[in-house]
Amino acid sequence: MKVVLNEEMRKIDKTTIEKYGIPGIILMENAGLGVVEEIIKDFKRDSNFTIICGRGNNGGDGFVIARHLYNKGYNVKVFIIGDSRDISKDALINFKIIQNLNINITNILDEKDLLKLKEGILSSTVVIDALFGTGLSSEVKGIASEVIKYINKYSKYIFSVDIPSGICGDNGQVCGVAVKADKTITFGLKKCGNILYPGAEYCGELILKDIGIPREVVDLMNLKFNIITEEIVKDSIPIRKKDSHKGSYGKANVIAGSFGMTGAAILTCKSALRSGLGLLRLYIAESLNFIIKTNVPEAITVPLGEIRKGVIGINNIREILEGTKDADVLTIGPGCGNTSELSEILKRIIGEVDKPIVIDADGLNVLSKNVEWLSKKKSEIVITPHLGEMSRLTGLSIEEIKRNPIEVAKNFAQKWNVITVLKSARTIIASPKGEVFINVNGNPGMATAGCGDVLTGIITGFIAQGIEPLKAAIISVYIHGLTGDRVAEKKGEYGLIAGDIIEKLPYTIKDVIGR
């Protein structure tokens, strides 16, 4: 499913109007009808509506909504922010119609008019927010800011048109103040601001409505941003053949764990195996071998000499590199410790290994001090940073990354030619070609130790099975989030732990692929 930035949506609207001859006022009519269609599902004829409109196209949608609700017998009041003489072209046509119908219209020009708005909101069953839509490009100030505060404070139920007023359509950030909707009706395509946090939370329930934009227009735009859907995932997982063996489902080499951090290695290995991997070889410090074998008997361990307890020595690099010759993927980092030994091992792996590489956790911490190593890579690399790790990799603050997560992930992926999996409430996968995939499942219960290691293991398992790294990352992030949601349904978000996701993982995969 495609998702768009504000400018992309404007181009889609413009092409629809200019190339295909569909007037903007028809799109506005369809948008308004789409909102009314949702309203009448939930609210009876004795409901009262206050519709708060701006002077642009979002306000025009509000005028259409007012007309259709009025014609259906609902009690409707309209408030317009600013002078009615400044209403834009298509919106003006619909404004004149509701004027002719003698619908109650009030202009909000200064603070004294806010008392009228308060009365209107308090007497209404529903408030419809049609102030700004995706056209907002700066912080909400002045009387508009006060109006939004009144909407949030006094409304019983709020519908927002296209996107809650005050939310940036590109990144979901709050522009000073924003409407907190119960339900948002968006049109044509979902906007990035509808699905990224905090915008997603301000949208409430999000409904997508078709307003008559031709499919060809969307195809022409060559849109790069996508929401991950079950259909994408299902179509990407290969069917298993009856005549097969463990070698048919890939071989993965993993470098993980250190003294006190064997749990990361165990979780990574278990989730890789539960994802369908045929054979896993774990390189581990020799003093930790017993712990691993006891907890993951299915893994082949390669105990290596230690330079100090629990830390693989750099004199083992040649053995590690030789072992990659018959592997399908190499994963490095979970629980390894941020050591000089790991730094040297990672440098050699990036520069010499010609198989797909997954780098996570301590591998990323080491990489953050030497990002230029990526320019010498010999194969595809997947990195899986959380916000803190991405901050170290880019030099940006966590707040800067949260304000523009898509842009940060996309820029890093393109600059360093790596698949970037930026983990957060909305995990973002960016490819070196500028493609972006946004995951919308998962829950706060997954913000717990070890869940990142589980995701790394799943990615490793799917790459080993022959799925190209970008698709493997997309599949894994979706399956990981969906499994977390299923666990939360049974155990709640507070009690969810990483091991629960591993146990539920095979059932999620089975249900998604339908076999």
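Up top is the structure.
Every value quoted in this text rests on a predicted model; they were computed, and no experiment measured them.

Novice: I'm lost on the overall build of the protein in this one. Help?
Specialist: On a plain count of helices and strands, the protein comes out with 21 helices and 21 strands. The 515 residues of the protein split such that 58% are buried. Summarising the internal contacts of the protein: among those between residues at least 6 apart in sequence, 72% fall at separations of at least 24. On the protein, the mean spot of the 65 positive side-chain charges and the mean spot of the 60 negative ones are 2 Å from each other.

Novice: Looking at this model, I keep getting lost on unusual backbone geometry. Mind explaining?
Specialist: Excluding glycine, residues mostly have negative phi values, and the peptide bonds linking residues are mostly trans. Here the residue pair Tyr197 and Pro198 is connected by a cis peptide bond, since its omega of 5° sits within 30 degrees of zero. Note that Pro198 resides in the loop between helix 7 (192-195) and helix 8 (199-203). One non-glycine residue with positive phi stands out, namely Asn102, at about 60°. With respect to the helices, strands and loops of the structure, Asn102 is situated in the loop between helix 4 (89-100) and strand 4 (104-108). Here Asn417, not a glycine, exhibits a phi torsion of approximately 60°, which is positive. Note that Asn417 resides in the loop between helix 18 (405-416) and strand 19 (419-422).

Novice: Help me understand the environment of Ile65, please; the structure alone is not making it clear to me.
Specialist: Checked against the element boundaries, Ile65 lands in helix 3 (residues 57-71). Of the residues examined, Ile65 reaches a relative accessible area of 0% and is grouped as buried. Taking the C-alpha atoms as reference points, Ile65 and Gly176, separated by 111 residues in sequence, lie 27 Å from one another. Those residues in contact with Ile65, other than ones at most four positions away along the chain, are Gly32, Val35, Val36, Ile39, Ile51, Ile128 and Val161.

Novice: Would you explain the sheet that holds strand 7 (residues 183-187) in this entry?
Specialist: For sheets, the rule is that strands pair by backbone hydrogen bonds, running either parallel or antiparallel. Ordered in space as 4-3-2-5-6-7-9, the seven strands form an open sheet in which the pairing is parallel. Each edge of the open sheet carries a strand with a single partner, namely strand 4 and strand 9 (205-209). Averaged over all pairs of adjacent strands, the angle between strand axes in this sheet comes to 20°, irrespective of strand direction. Examined bridge by bridge, strand 3 (residues 75-81) and strand 4 share five bridges and lie parallel to one another. Looking across to strand 4, one finds that Ile80 is bridged to Asn107.

Novice: I tried to follow the packing of aromatic side chains on my own but got confused; where do I start?
Specialist: Given two aromatic rings, one states the distance between the centres and the angle between the planes to describe the pair. Inspection of every chain in the model, using the stated rule, returns seven aromatic pairs. Here Phe49 and Tyr74 contribute two aromatic rings whose centre-to-centre distance is 5.3 Å and whose plane-to-plane angle is 85°, an arrangement assigned as edge-to-face. Of this pair, Phe49 sits in strand 2 (residues 48-53) while Tyr74 sits in the loop between helix 3 and strand 3, and the two are 25 residues apart along the sequence. Comparing Phe49 with Tyr74 shows no difference in burial state: the two are buried.

Novice: Got a minute to help me understand helix 2 (residues 24-42) in this structure?
Specialist: Each full turn of the α-helix corresponds to 3.6 residues, which orients residues three or four apart in the same direction. The terminal C-alpha atoms of helix 2, which comprises 19 residues, lie 28 Å apart, in line with the 27 Å expected from a rise of 1.5 Å per residue. Inspection of helix 2 places Gly24, Leu27, Met28, Ala31, Gly32, Gly34, Val35, Val36, Glu38 and Ile39 among the buried residues, and these make up the whole buried set.

Novice: So what exactly am I meant to see when it comes to the sheet that holds strand 21 (residues 436-438) here?
Specialist: The 10 strands lie next to each other as 10-21-20-19-18-17-16-11-12-13, forming an open sheet whose pairing is mixed. Whereas interior strands pair on both sides, the edge strands pair on one side only; in this sheet they are strand 10 (225-227) and strand 13 (300-304). On average, each strand axis in the sheet is inclined to that of its neighbour by 15°, with strand direction left out of account. The sheet contact formed by strand 16 (residues 329-332) and strand 17 (residues 357-359) spans three bridges and is parallel. Residue pairing for strand 17: Thr331 is matched across the bridge by Val358. Lying on the sheet, helix 20 (residues 469-491) is in contact with strand 18 (381-383), strand 19, strand 20 (428-430) and strand 21; it crosses strand 19 at an angle near 15°.

Novice: Would you take a moment to explain the side chain of Thr324 for this structure?
Specialist: Looking at the element boundaries, Thr324 is found in the loop between helix 13 (317-323) and strand 16. Overall, Thr324 belongs to the buried group, its relative accessible area being 6%. Setting aside chain neighbours within four positions, we find Thr324 in contact with Asn253, Leu330, Val353 and Lys355.

Novice: What exactly am I supposed to notice about the packing of helix 16 (residues 387-394) against helix 18 here?
Specialist: The packing of two helices is summarised by the inter-axis angle and the distance between the axes. Packing of helix 16 against helix 18 brings their axes to within 12 Å, and their N-to-C directions diverge by 50°. Judged on the interaxial angle alone, helix 18 and helix 16 are oblique. Here the hand of the crossing between helix 16 and helix 18 comes out left-handed. Listed contacts from helix 18 to Met390, Leu393 and Thr394 of helix 16 are Val408, Ala409 and Phe412. For the contact of helix 16 with helix 18, the class distribution of residues is five nonpolar, one polar and no charged.

Calculation notes
Residues numbered from 1 in each chain as written. Predicted model: local features only at pLDDT ≥ 70, side-chain atom pairs only at ≥ 80, totals over all residues. Heavy atoms only, no water. Helix = DSSP H or I, 4+ residues; strand = E, 2+ residues; numbered from the N terminus. Buried < 20%, exposed > 50% of the residue type's maximum accessible area, 1.4 Å probe, protein only. Contact = heavy atoms within 4.5 Å. Lys, Arg positive; Asp, Glu negative; His and termini not counted. Charge placed at Lys NZ, Arg CZ, Asp CG, Glu CD. Pairing = 2+ DSSP bridges. Axes fitted to C-alpha atoms, helices over the stretch in contact; angles between N-to-C directions. Phe/Tyr/Trp six-rings, centres within 6.5 Å; stacked < 30°, edge-to-face > 60°. Expected span 1.5 Å × (residues − 1). Parallel < 35°, antiparallel > 145°, perpendicular 65-115°, else oblique. Left-handed = near helix turned anticlockwise from the far one by under 90°. Nonpolar A, V, L, I, M, F, W, Y, C, P; charged D, E, K, R; others polar.

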